[in-house]
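# Close look at the chain arrangement
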Amino acid sequence: MSAITQRKQDALTDRLASMTLPEGGAWITEARRAALARLKSMGLPGPRDEYWRFTPPDTLNAAETPEAAVLDHGDETPVFSDFDRLKLVFVDGVFRSDESSDLTLEGIEIERLADVMSTDIHWAKDLYGKLETRAQTPVARPHAALNTAFATEGLLIRVTGKIAKPISVYYRHENATSDCYMHHVIRLEPGAEATVLENGPAAARFNKVMEVEVGDGARFHHIRAQGRDHERRAVTGLFVRQGAESLFKSFTLTANGRLTRNEAYIELTGPDASAHIAGAALGHGDFHHDDTVFIRHEAENCESRQVYKKVLQKGATGTFQGKILVERGAQRTDGYQKSQSLLLDDDAVFLAKPELEIYADDVACSHGSTTGAIDEDMLFYLRARGVDKHTAMDLLVLAFVAEAMEEIEDEGYRQELVGRLEAWLIRRRQE
Amino acid sequence: MLEIKDLHVKLEEEDKAILKGVNLEVPAGKVHAIMGPNGSGKSTLSYVLSGKGGYVVTGGEAALDGEDLLALEPEERAAAGLFLAFQYPVEIPGVGNMTFMRTAVNAQRKARGQDELSATDFLKEIRAKAKELQIDAEMLKRPVNVGFSGGEKKRNEILQMAMLEPKMCILDETDSGLDVDAMKLVSEGVNALRDAGRAFLVITHYQRLLDHIQPDVVHIMSDGRIVKSGGPDLALDVEKNGYADLLVESA
């Protein structure tokens, strides 16, 4: 065993030393054992791993959870509070039934992993850890396997119709040393439609996996605001498989957080499907944000779109690794990838690795990665009309992220997040 | 209204003097024009007055109603009543024209201690003014100047001027890139704003704009100085004989 492999194994041994696989029924135990075996063959990520070149994995690997102070939100209401929604609340990874809505809603079945763990058979068996496994090739994602093996909370959601309200998952962080695993499985039956909202920092260290199967002709919208606790850490995996003519759209807003690694792996397995994934990340100071996206086109005439914007200053780091893989036979693929950063001073860092790998000959794929500063001419134009410098900068920052925000199809949610962003910009100036 | 005394300006990046002692006084209610060949410093004068970066004032003064302009930030100059209609209006993708104008109008009102305009009042006012300039609702919704034609950009400048109601308006080659009809429209917009309490400084290469916006005084600028001033006839002279004769004469 090479020294590098040994270090990855040692890191895993340390992490697992005080952990035991949770008890459960046949289906989950099988999935957990398989995940643990996967994990042991991978080890935990090391700094020499190509996939972790831009992001130091040590605090995500560490057996001891790094502390993260709980932010006092004052009188600020949680994101999405004003929407008619089916609300599910988790505090440091623990479900709060007293704060959550009744889980019954027409066209959807919602169960908690904790409640169905002891059963021997469950529909989620076909997806739990299965989409995660598919995402392990070609690049290992050890934290996701760790999650599949050890998560005891999460939602198992089966959507059979067009549901009237969004499912809103609110993660609250109250404990400075909470280490939380959460594993959601969502299946949209053919033709079904659903929106899932997520908000909040969840824990001091949060490891989340969301596996989503979007059946033929189904439509899924995912909108996430990762909370603005400054010290929290998160590693998340979004693993998606899409059928013919399906739609998947995901948007993530991240402001603050010491370390965030958002991975996504989306497979387009049926023709005429569309996948959009976008994000806006804003940070200053001790902030490291990583978007790592892999889109696999396996069927004809599918479209995929990645739009990522980052606004960084005072030592903040943003990274992007995005890949579009077009398999042989995925003709008439339309793949688009854009990753841009706005650096507000000389101390911020943006690292990007855009990749295209194409085996079909009739495709249109493009990628663009840029980094730049505030445009002085635009700034002067605004100021010359009487807009003060700070407001003008904020307007230009909002303008810069607008293309990513536009990926939120529903105007109500988009306005909600734009409003949060404006408040964040104003607060940042006062802090 | 606007008083410029012996203004000297050089470029920040290199040791190159652009303005070499400009003296100019534009009283309230008057329209002054500055003409001059390329590179004479006309646009620089407009930028320095409005506070654009990249220039260093090495001497002289500029005041608006007695207030030292050069000591103010660009937004403070705007709030004090100075307006520059840009030669090349800047495109700002992602910022809606309407949002931009409302932010600007309310920022200036706030700076002057006035109440902000309500959304309804603002909408009413901008719609009426836009209509006069033949700016349709679609243009107001689009991002600032993005995808606007040359003429639309200039009309958008005049719309901003009409909304902000400045005391001192500087028009930097507002005629460039305009066809005859657009020039007429823009000029009518400007003329509608002429009144006893407002002054204009119209910078142009060509006399034809001055057929539409008739100046009280015409100045000729060359090599960083105003070398000749006179009545509207001076512009006709330039049109007929070019700058060369005038400059020789004044040298």
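Look up a bit, the structure's there.
Read on for a plain summary of the structure. What you see is a predicted model, and the numbers here were worked out from it, not measured in a lab.

The rules behind the values
- Residues numbered from 1 in each chain as written.
- Chains lettered and ligands numbered in written order.
- Predicted model: local features only at pLDDT ≥ 70, side-chain atom pairs only at ≥ 80, totals over all residues.
- Heavy atoms only, no water.
- Contact = heavy atoms within 4.5 Å.
- Salt bridge = Lys/Arg side-chain N within 4 Å of Asp/Glu carboxyl O.
- Polar contact = N/O pair within 3.5 Å; in protein donor to acceptor, adjacent residues only side chain to side chain.
- Helix = DSSP H or I, 4+ residues; strand = E, 2+ residues; numbered from the N terminus.
- Axes fitted to C-alpha atoms, helices over the stretch in contact; angles between N-to-C directions.
- Parallel < 35°, antiparallel > 145°, perpendicular 65-115°, else oblique.
- Nonpolar A, V, L, I, M, F, W, Y, C, P; charged D, E, K, R; others polar.
- Expected span 1.5 Å × (residues − 1).
- Buried < 20%, exposed > 50% of the residue type's maximum accessible area, 1.4 Å probe, protein only.
- Pairing = 2+ DSSP bridges.
- Patch = residues over 30% accessible without salt bridge, like charges linked within 9 Å, V, L, I, M, F, W, Y side chains within 5 Å.
- Areas by Shrake-Rupley, 256 points an atom, 1.4 Å probe, with all protein chains shown as cover.
- Lys, Arg positive; Asp, Glu negative; His and termini not counted.
- Charge placed at Lys NZ, Arg CZ, Asp CG, Glu CD.
- 1 Å grid on protein atoms, 1.4 Å probe; cavity = no way out; pocket = protein on both sides within 12 Å on 5 of 7 lines; lining within 4 Å.
- Points joined across faces, edges and corners; volume = space filled by probe spheres on them.
- Left-handed = near helix turned anticlockwise from the far one by under 90°.
- Phe/Tyr/Trp six-rings, centres within 6.5 Å; stacked < 30°, edge-to-face > 60°.
- Lys NZ or Arg CZ within 6 Å of the ring centre and 35° of its normal.

This part takes up the interface of chain A and chain B. Taken together, the contact between chain A and chain B spans 17 residues of the former and 29 residues of the latter. Our count for the chain A to chain B interface comes out at 4 salt bridges. The shortest N-O distance in the salt bridge between R383(A) and E75(B) comes to 2.6 Å. For the pair chain A and chain B, the interface holds 11 residue pairs in polar contact (both at pLDDT 80 or more). Residue assignment for the side of chain A that touches chain B shows that the elements contributing at least two residues are helix 7 (376–384) and helix 8 (389–405) of chain A. Top element by residues in the side of chain A that touches chain B is helix 7 of chain A. It accounts for 7 residues.

Attention shifts here to the packing of helix 6 (residues 150–164) of chain B against helix 7 (residues 180–193) of chain B. Residue and element names in this part refer to chain B. Relative to each other, helix 6 and helix 7 sit at 10°, their axes nearing to 10 Å. Between helix 6 and helix 7, the angle falls in the class roughly parallel. Taken together, the residues of helix 7 that come into contact with helix 6 (itself represented by K154, R155, I158, M161 and A162) are L185, V186, G189, V190 and L193. Among the residues forming the contact of helix 6 with helix 7, the class breakdown is 7 nonpolar, 1 polar and 2 charged.

All names here are of chain A. Taking 1.5 Å per residue, 20 residues should reach 28 Å; helix 9 (residues 411–430) reaches 29 Å between its end C-alpha atoms and fits that length. Taken residue by residue, helix 9 has Y413, R414, E416, L417, V418, R420, L421, W424, L425 and R428 as its buried positions. On its buried face, helix 9 is in contact with strand 7 (193–199), strand 9 (219–225), strand 11 (247–255), strand 13 (274–284), strand 15 (303–313) and helix 8. Between the side-chain oxygen of the N-cap and the backbone nitrogen of G412 there are 2.8 Å, and the N-cap of helix 9 in question is D410.

The next point concerns the sheet that holds strand 18 (residues 349–358) of chain A. The pairing of strands in a sheet happens through backbone hydrogen bonds and is either parallel or antiparallel. All names here are of chain A. Taking strand neighbours across the sheet as the criterion, the 9 strands line up as 3-4-6-8-10-12-14-16-18 in an open arrangement whose pairing is mixed. Strand pairing shows two members of the sheet lacking a second neighbour, strand 3 (108–112) and strand 18, which therefore form its edges. Each adjacent strand pair in this sheet contributes to an overall mean axis angle of 5°, direction not counted. Relative to strand 12 (residues 259–268), strand 10 (residues 233–242) runs parallel, the two sharing 10 bridges. Within the sheet, the bridge partner assigned to L238 lies in strand 12 and is A264.

Moving on, we get to a negative patch on the surface. All names here are of chain B. Taken together, the side chains of E3, D6, E25, E61, E67, D68 and E76 make up a negatively charged region of the molecular surface. Only strand 1 (2–11) and strand 5 (67–68) provide two or more residues apiece to the negative patch. By the secondary structure assignment, E3 is in strand 1.

Looking now at the environment of L45(B). Residues and elements named next belong to chain B. Assignment of secondary structure puts L45 in helix 1 (residues 42–50). Looking at L45, the relative accessible area reads 0%, which means it is buried. In sequence terms L45 and I203 are 158 residues apart; their C-alpha atoms lie 9.7 Å from each other. For L45, the residues in contact, after removing those within four places along its chain, are I4, L7, L19, V22 and I34.

One water molecule sets the probe size; rolling that probe over the atoms shows where empty space is left. Residue and element names in this part refer to chain A. All chains considered together, the criterion is met by 7 cavities of 30 Å³ or more. Estimates place the volume of the largest cavity at around 100 Å³. Looking at the lining of the largest cavity, the elements with two or more residues in it are strand 7, strand 8 (205–214), strand 9 and strand 10. Grouping the constituent residues of the lining of the largest cavity by class yields 5 nonpolar, 4 polar and 4 charged. Roughly 80 Å³ of volume is contained in the second largest cavity. Along its surface, the second largest cavity is lined by 13 residues, and H143, A144, V235, T236 and E263 are the ones closest to its centre.

Let us now look at the packing of helix 3 (residues 97–111) of chain B against helix 6 of chain B. Residue and element names in this part refer to chain B. Packing of helix 3 against helix 6 brings their axes to within 10 Å, and their N-to-C directions diverge by 30°. Considering how the two elements wind past one another, helix 3 and helix 6 form a crossing that is right-handed. Of the residues in helix 6, those in contact with N97, F100, M101, A104, V105 and Q108 of helix 3 are N156, L159, Q160, M163 and L164. When its residues are assigned to classes, the contact of helix 3 with helix 6 shows 7 nonpolar, 4 polar and no charged.

With that settled, the discussion passes to the packing of aromatic side chains. Tallying each qualifying case throughout the model produces 14 aromatic pairs over all chains. Aromatic side chains Y265(A) and F294(A) sit 5.5 Å apart centroid to centroid with 25° between the ring planes, which places their arrangement in the stacked category. One end of the pair, Y265(A), is in strand 12; the other, F294(A), is in strand 14 (residues 288–297), with 29 residues separating them in the sequence. As far as burial versus exposure is concerned, Y265(A) and F294(A) are alike and both buried. These aromatic residues form a ring-pair network of at least three members: F90(A), F95(A), Y171(A) and F206(A). Note that R261(A) overlies the ring of Y51(A), its terminal NZ or CZ placed 5.3 Å from the centroid. The aromatic ring of Y47(B) is capped on one face by K52(B), whose charged end is 5.1 Å from the ring centroid.

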